Amino acid sequence: MITLDGVMQAPGGLEEDPSDGFKFGGWVAPYGDEVGGEVVQKELSLAADYLLGRKTFDIWAAFWPEHADIWPGINAGTKYVLSRTMKKSDWKNTVFIDSLEDIKKLRNSEGADIQVWGSSQVVQLLLKDDLVDELWLKIYPLMLGKGKKLFDNGLNPAAFTITESTVTPSGVITAYYKRAGKVKTGIFGA
């Protein structure tokens, strides 16, 4: 979930992530509609494992274990948490990792697809180290100016192709992109 200017901080609620004085928590709420709900339900129904940063994990661990009725697969999927400080949790199927090398091993292993939800620093690390195969973006029609951004700290150039898209009645663009190799250049119109 990102804004037109790439902010991804605290989409779900006022208190989700007020770090650095962020005051716009819950910015997705006014854009909820039936089409957007169907898109989200489709995503939640996919079998997957999850790679999360510690802050996102803290938010999720406080909510999702008791709300499996909304997202049945979240408790079954393995939650890989990138953290140098946290090493255990009572939330079942949680594994703590602490390095980029651990992420690379996960990426090259057999098993379910690994999704990253939120976790801006993890996403930026993956983009910088060319470890992103797909981007599933929900682009909301607003700009916030400040906040944690998806494309903020440099990234490895890469080309993507769109595989699916939807525009909701409230103006949210859902776009699924798949990696399409290296960036190609040329002369426009030639």
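Values in this document were obtained by computation on a predicted structure and should not be read as measured data.

Asks: Would you take a moment to explain the pairing of strand β8 (residues 173-179) for this structure?
Replies: Regular strands show a simple pattern: their side chains alternate between the two faces of the sheet. In this structure, strand β6 (residues 134-140) lies alongside β8, joined through six bridges in antiparallel fashion. Residue pairing in the sheet places Lys 138 in a bridge with Thr 174 of β8. Note: strand β7 (residues 160-167) against β8, seven bridges, orientation antiparallel. Its bridge partner being in β8, Ser 165 is matched across the sheet by Ala 175. Between β7 and β8, which pair antiparallel one after the other, the connecting turn spans five residues, and Gly 171 there sits at a positive phi close to 95°.

Asks: Quick question: what am I supposed to make of the packing of aromatic side chains here?
Replies: Two descriptors summarise a pair of aromatic rings, namely the distance from one centre to the other and the angle between the planes of the rings. Inspection of every chain in the model, using the stated rule, returns 13 aromatic pairs. With centroids separated by 5.4 Å and ring planes inclined at 85°, the aromatic side chains of Trp 27 and Tyr 140 adopt a geometry described as edge-to-face. With a gap of 113 residues between them, Trp 27 in the loop between β1 (2-3) and α1 (34-44) and Tyr 140 in strand β6 connect regions that are remote in the sequence. Each member of the pair Trp 27 and Tyr 140 is classed as buried. Seen in terms of ring centroids, Tyr 50 and Trp 71 are 5.5 Å apart; in terms of plane orientation they differ by 85°. Their pairing is edge-to-face. Here Tyr 50, found in strand β2 (residues 49-53), pairs with Trp 71, found in the loop between α2 (54-61) and α3 (73-76); they are 21 residues apart in sequence, far enough to count as distant. Here the aromatic residues Tyr 50, Trp 60, Phe 63, Trp 64, Trp 71 and Trp 117 are joined through ring pairs into a cluster of three or more. Positioned above the aromatic ring of Trp 91 is the side chain of Lys 79, whose terminal nitrogen or guanidinium carbon lies 4.5 Å from the ring centre.

Basis of the calculations
Residues numbered from 1 in each chain as written. Predicted model: local features only at pLDDT ≥ 70, side-chain atom pairs only at ≥ 80, totals over all residues. Heavy atoms only, no water. Pairing = 2+ DSSP bridges. Helix = DSSP H or I, 4+ residues; strand = E, 2+ residues; numbered from the N terminus. Phe/Tyr/Trp six-rings, centres within 6.5 Å; stacked < 30°, edge-to-face > 60°. Buried < 20%, exposed > 50% of the residue type's maximum accessible area, 1.4 Å probe, protein only. Lys NZ or Arg CZ within 6 Å of the ring centre and 35° of its normal.

Note that every value here comes from positions in space, so none of it alone points to a role or purpose.
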